[in-house]
Amino acid sequence: MTVASIVKICVGDCRMDIYLGAPVRETPGPAIVLMYHRGGNDAFTKSVVERLAGAGYLVAVPDIYHRCPSAMPLSERKSLLRDSEIVADVQATIHALRSHADVAADRIVVMGHCMGGRMALLAAGSLPGFCGVVVYYGGSVARSWGNDGPTPFEGLRNIRCPVIGFFGDEDHHPSPEDVNRIDAELSACGIAHDFHRYPGVGHGFQNPTHNSPQERAAAEDSWDKTFVFLRKVATA
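Each value, and the rule that gives it
Residues numbered from 1 in each chain as written. Predicted model: local features only at pLDDT ≥ 70, side-chain atom pairs only at ≥ 80, totals over all residues. Heavy atoms only, no water. Buried < 20%, exposed > 50% of the residue type's maximum accessible area, 1.4 Å probe, protein only. Helix = DSSP H or I, 4+ residues; strand = E, 2+ residues; numbered from the N terminus. Pairing = 2+ DSSP bridges. Phe/Tyr/Trp six-rings, centres within 6.5 Å; stacked < 30°, edge-to-face > 60°. Lys NZ or Arg CZ within 6 Å of the ring centre and 35° of its normal. Salt bridge = Lys/Arg side-chain N within 4 Å of Asp/Glu carboxyl O. Axes fitted to C-alpha atoms, helices over the stretch in contact; angles between N-to-C directions. Contact = heavy atoms within 4.5 Å.

Trainee: In this structure, what is going on with the pairing of strand β2 (residues 14-23)? I would like to understand it.
Mentor: Looking along a regular strand, one sees the side chains alternate between the two faces of the sheet. Within β2, seven of the ten residues are buried, leaving the element largely enclosed by the surrounding structure. Direction of pairing for strand β1 (residues 2-11) relative to β2: antiparallel, over a ladder of ten bridges. Considered in β2, the bridge of Val-3 is made with Ala-22. What sits between the antiparallel neighbours β1 and β2 is a turn of two residues, in which Gly-12 has the positive phi angle 65°. Bridge count for β2 against strand β4 (residues 58-62) is four bridges, and the pairing is antiparallel. For Leu-20, the partnering residue across the bridge sits in β4 and is Ala-60.

Have a look at this one:
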C-alpha cells in the first residue's frame with residue numbers, strides 16, 4: 001500500500017511542495033529523490049512514484065518549478081530554471097527526507113527522466129550522500145542552466161556512487177554521441193556505471209504514451225534493471 005501526500009518545506013525564503021509517495025513500513029528504509037520531466041508532477045511522474053513506492057521505496061518529488069509564475073504554462077517553465085536553485089531544492093529535499101524516522105539516511109538515491117535525468121546527474125555531482133544515480137535519457141549536460149555554475153558534465157567527476165543509465169539509440173537529445181561522452185568521462189574518472197542502450201528507440205520510451213513494441217520492451221527491460229540496481233545499492 002502506498003500513501004501519497006504533499007508536504008511543504010522551506011528553500012531559503014521560498015516554500016516548495018514535495019510530492020511524497022510512502023510505502024507502509026515499520027523500519028527505516030531506502031528513499032528516492034525523483035526529479036521530474038518537463039511535464040512536472042503529471043500522471044506519468046505519479047505513475048513512476050506509485051511503481052517505486054509499491055516496491056518499498058519512499059519517493060520524494062521536489063517541485064522545482066516553484067519559483068515560476070503559477071499561470072506560466074508547464075511547457076515554458078524550463079526556461080526559468082537555474083542549476084544553483086535546483087541544487088538548493090534537492091539539498092532541502094534530502095534534509096527533509098533525513099528527518100523522516102522511516103528513512104535510512106545513507107540509502108538515498110537520485111533518479112530522473114529527460115530533464116530530470118540531467119538534474120539527477122547535476123545533483124549527484126554537486127551534493128554528497130547519494131548511494132546511487134538512475135538516469136533515463138538525460139540530455140543538455142554540457143550546458144549550465146542560468147549560467148551560474150558548473151555544468152552537469154563538469155560535475156561528473158565529483159560523483160561518489162554508482163550510476164545506471166538508459167538511452168534510446170534513436171534519441172537526438174541526448175544523442176548516442178552525447179551518451180558516449182558521458183560514458184567516457186565517467187570511465188576516465190573511475191566512477192562505476194552501467195549504461196543500457198536500446199536500438200530502434202527514441203526519447204521518452206518509459207512513458208506509456210510511447211507505445212510501439214520496441215518502446216514497451218525497452219520500458220519494461222529498463223524497469224527490471226532499475227530494480228536490480230536499487231536492490232544492490234540501496235538495500236541494507
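Trainee: Explanation requested: the packing of aromatic side chains in the structure shown.
Mentor: The geometry of an aromatic ring pair comes down to the distance between the two centres and the angle between the two planes. Per the stated rule, a full pass over the model turns up seven aromatic pairs. Summarising the aromatic geometry, the rings of Tyr-136 and Phe-166 are spaced 4.8 Å apart at their centres and angled 20° between planes, so their arrangement reads as stacked. Residue Tyr-136 is found in strand β6 (residues 130-136), and its partner Phe-166 is found in strand β7 (residues 163-168); the two are separated by 30 residues along the sequence. The class of Tyr-136 is buried, set by a relative accessible area of 0%. In this structure an aromatic cluster arises from ring pairing among Tyr-136, Tyr-137, Phe-166, Tyr-198 and Phe-205. Across the ring face of Trp-145, the terminal group of Arg-118 is positioned such that the distance to the ring centre comes to 3.8 Å.

Trainee: What is the right way to look at the pattern of salt bridges in this model?
Mentor: It is possible for side chains bearing opposite charge to pair when their charged atoms get close. In total, this model carries ten salt bridges according to the counting rule given. Of the charged contacts in the structure, one is a salt bridge between Arg-25 and Asp-102, with a shortest N-O distance of 4.0 Å. Of this pair, Arg-25 sits in the loop between β2 and β3 (29-35) while Asp-102 sits in the loop between α3 (83-98) and β5 (103-113), and the two are 77 residues apart along the sequence. Just as Arg-25 is buried, Asp-102 falls in that class too. The partner of Arg-181 in a salt bridge is Asp-178, with the nearest N and O atoms 2.6 Å apart. Of the two residues, Arg-181 and Asp-178 both sit in helix α6 (residues 176-188), three residues apart, roughly one turn of that helix. The partly exposed category is assigned to Arg-181, whose relative accessible area is 47%. On the basis of relative accessibility, which here comes to 24%, the residue Asp-178 falls in the partly exposed class. Ionic contacts of the salt-bridge type, sharing partners, join the residues Arg-67, Glu-85 and Asp-89 into one network.

Trainee: What exactly am I supposed to notice about the sheet that holds β3 here?
Mentor: Across a sheet, strands are paired by hydrogen bonds formed along the backbone, either parallel or antiparallel in direction. Overall, mixed pairing links the eight strands, which are arranged β1-β2-β4-β3-β5-β6-β7-β8 in an open sheet. Only two strands of the sheet have a single neighbouring strand rather than two, namely β1 and β8 (193-198). Between one strand axis and the next, the sheet turns by 20° as a mean value, whatever way the strands run. Inspection of the sheet shows β7 paired to β8 by six bridges, in the parallel sense. Bridge pairing in β8 links Gly-168 to Tyr-198. The strands touched by helix α7 (residues 213-234) within the sheet are β3, β5, β6, β7 and β8, with β6 carrying the most contacts at an inclination of about 170°.

Fair warning: the whole summary comes from geometry, so function is off the table for now.
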